[in-house]
Amino acid sequence: QVQLVESGGGLVQPGGSLRLSCAASGSIFSRSTMGWYRQAPGKQRELVASITAGSITNYVASMKGRFTISRDNAKNTVYLQMNSLQPEDTAVYYCNARQTSGLFAGSEYWGQGTQVTVSS
């Protein structure tokens, strides 16, 4: 079955950087739109960025210029490079895969999340 495992979270000072990774299994990566979402305590889960199977990217306006999403199909991994981090970026970050073709087209999968804390 499809499994998504995030890593790279942790504690960072304001202005610092982190790179999150999401490793996918199940042989669906190359035909999936991948996304990063985040959820802070007491708030709704929100989209941060996404990247299609054709490497078309989309960013929430507040993230554009600071965050970069990318994918490495050979490694079945999607990344989120986060720069100029601020306390408001503190949240659990989740990896999402949306299958766009095949028998289970339309199916979505979620990772377990990785905590990002921005604090001095």
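Note: the structure precedes this text.
As the structure is a computational prediction, the values presented were derived from the model and not from experiment. (Residues numbered from 1 in each chain as written. Predicted model: local features only at pLDDT ≥ 70, side-chain atom pairs only at ≥ 80, totals over all residues. Heavy atoms only, no water.)

A description of the side chain of R66 should follow, citing residues and the corresponding values.
Assignment of secondary structure puts R66 in the loop between strand 6 (57-59) and strand 7 (67-72). The residues touching R66, leaving out its near neighbours within four places in the chain, are Q81, M82, N83, S84, L85, Q86 and D89. (Helix = DSSP H or I, 4+ residues; strand = E, 2+ residues; numbered from the N terminus. Contact = heavy atoms within 4.5 Å.)

Describe in detail the packing of aromatic side chains, supporting the description with residues and values.
By the definition in use, this model includes 1 aromatic pair. Each ring, one from Y37 and one from W110, has its centre 5.0 Å from the other, and the planes form 65 degrees; the classification is edge-to-face. Taken as a pair, Y37 in strand 4 (residues 32-39) and W110 in strand 10 (residues 108-110) lie far apart in primary sequence, 73 residues in all. Take W110: its relative accessible area is 37%, and that puts it in the partly exposed class. Of note, R45 hangs over the ring of W110, and the distance from its end group to the ring centre comes to 4.7 Å. (Phe/Tyr/Trp six-rings, centres within 6.5 Å; stacked < 30°, edge-to-face > 60°. Buried < 20%, exposed > 50% of the residue type's maximum accessible area, 1.4 Å probe, protein only. Lys NZ or Arg CZ within 6 Å of the ring centre and 35° of its normal.)

I'd like a description of the state of the cysteines, backed by residues and values.
Applying the stated criterion to the full structure yields 1 disulfide. Each sulfur of the disulfide joining C22 and C95 lies 2.1 Å from the other. On the sign convention where negative is left-handed, the bridge of C22 and C95, at about -85 degrees about the S-S bond, is left-handed. Of the two residues, C22 sits in strand 3 (residues 18-25) while C95 sits in strand 9 (residues 91-99), which places them 73 residues apart along the sequence. Under the relative-accessibility criterion, C95 is labelled buried at 0%. (Disulfide = S-S within 2.5 Å.)

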